[in-house]
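Breakdown of the fold
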Amino acid sequence: MDRLETRELEYFIAAAEELHFGRAAQRLGIAQPPLSRAISRLERRLGVRLLARTSRHVELTAPGRVLLDECRNLLRGLDLAVRRTQQAAQPGRLVVAARPGAGAGLLADLVRAYDGAEPEFIFTSDSVTAVRDGTADIALLCVGTDDLSGLRTLAVAEERPLALLPRDHPLTRRRAVTIHDLSDDPAYQPCPPSGLDEALDRVALGLLVTVVGETVAERLTPGIVGLPVTDLPATTLALGWLEDSPRAEVAAFARAARRVAPVSATA
């Protein structure tokens, strides 16, 4: 059997995720008949039924579920190969991913200790995915809440949770708050949905109540109050990178972290 083409994998993923040939075709920007023919041709080549379909219903078969997982992994691997190839043409470039509001002061210390060119930063609620898909080279992660399988990690700090509230919020009369207290507020989001600067602006305007790491206290303006969150444990922050990362810049950033981090343990 000839090797499958990436186009065939993309067609199958769309059909398998949408479970509707019309929506899948629209998502791919093609007409429905060519998509149906492509899936039928793929089934004939593999010798298995991938999608059980009637005039009203489409569902994945057991072989279809296996192929869907494998196709996703293959395309992620291809995307990673492309990014690594592009990175090889940009020696010295380092991209660091971090969750908004986590380890802000620590990141600044790490950048000052790093001997290479100034890193680029991506602020995202899913730093692990950014590392796995090659968008970032290394990330500041939360141990215990992020899935760190397949990553090498270096614990660098522990950080207690801090609730951010606008100064005129009723809860600011307290010395501390709980998650239950915060969740009653419709503006509450457990993780800042944007970069830290934007999140702070939204809190000051009364548009957001959220929880960040305690080092953000250094960045608070007069319009924001930070309160301890008593029913959340301290979070261990760690740097994480792919176990097989070939990049010298990643190793250099990890060495810098070992020099300055208050906690330092590799896993």
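Look above for the structure.
These notes cover the structure that comes with them. Since this is a predicted model, take the numbers as computed values, not measurements. Once a new chain begins, its residue numbering starts again from 1 and follows that chain's sequence as written. Totals for whole chains, interfaces and linings use all residues, but because this is a predicted model, local features are given only for residues with pLDDT of at least 70 and pairs of side-chain atoms are given and counted only at 80 or more. Side-chain measures here rest on the full set of heavy atoms in the structure, leaving out hydrogens and waters.

Where helices and strands are cited, they refer to DSSP runs of H or I of at least four residues and of E of at least two residues respectively, numbered from the N terminus. Of regular secondary structure, the protein chain possesses nine helices and twelve strands. Relative to a compact globule of 267 residues, whose C-alpha radius of gyration would be 18 Å, the protein chain shows 23 Å and is clearly more extended. Its C-alpha atoms give the protein chain principal-axis dimensions of roughly 65 × 45 × 30 Å. Across the 267 residues in the protein chain, those meeting the buried criterion constitute 41%. Note on contacts: a residue pair qualifies if any of its non-hydrogen atoms lie within 4.5 Å across the two residues. Contacts in the protein chain between residues far apart in sequence, at least 24 positions, make up 71% of those at least 6 positions apart. Areas reported here follow the Shrake-Rupley algorithm with a probe of radius 1.4 Å; residue values treat only the protein chains shown as occluding. As displayed, the protein chain offers around 14,300 Å² of accessible surface, 51% of which is attributable to carbon and sulfur atoms. The convention is simple: Lys and Arg are positive, Asp and Glu are negative, and His and the chain ends are not counted. Note that the charge is assigned to NZ on lysines, CZ on arginines, CG on aspartates and CD on glutamates. Where the 32 positive side-chain charges of the protein chain centre and where its 35 negative ones centre are 5 Å apart. The globule rule used for comparison is 2.2 Å times the number of residues to the exponent 0.38, while the radius of gyration itself is calculated over C-alpha atoms. Any residue under 20% of the maximum accessible area for its type is buried, any over 50% is exposed, and the rest in between are partly exposed; the area is computed with a 1.4 Å probe on protein chains only.

Turning next to the pattern of salt bridges. Any carboxyl oxygen of Asp or Glu that lies within 4 Å of a side-chain nitrogen of Lys or Arg is treated as forming a salt bridge with it. Here the structure, examined in full by the defined rule, presents 13 salt bridges. Residue R45 is joined to E8 by a salt bridge in which the shortest nitrogen-to-oxygen separation is 2.8 Å. Taken together, the residues span a long stretch of sequence, with R45 in helix α3 (residues 32–46) and E8 in helix α1 (residues 6–18) at a distance of 37 residues. The class of E8 is buried, set by a relative accessible area of 10%. For E214, the salt bridge goes to R160, with nearest N and O atoms at 3.1 Å.

Turning to its location among the elements, G150 is positioned in the loop between β5 (138–143) and β6 (151–159). The spatial distance from the C-alpha of G150 to the C-alpha of I122 is 21 Å, given a sequence separation of 28 residues.

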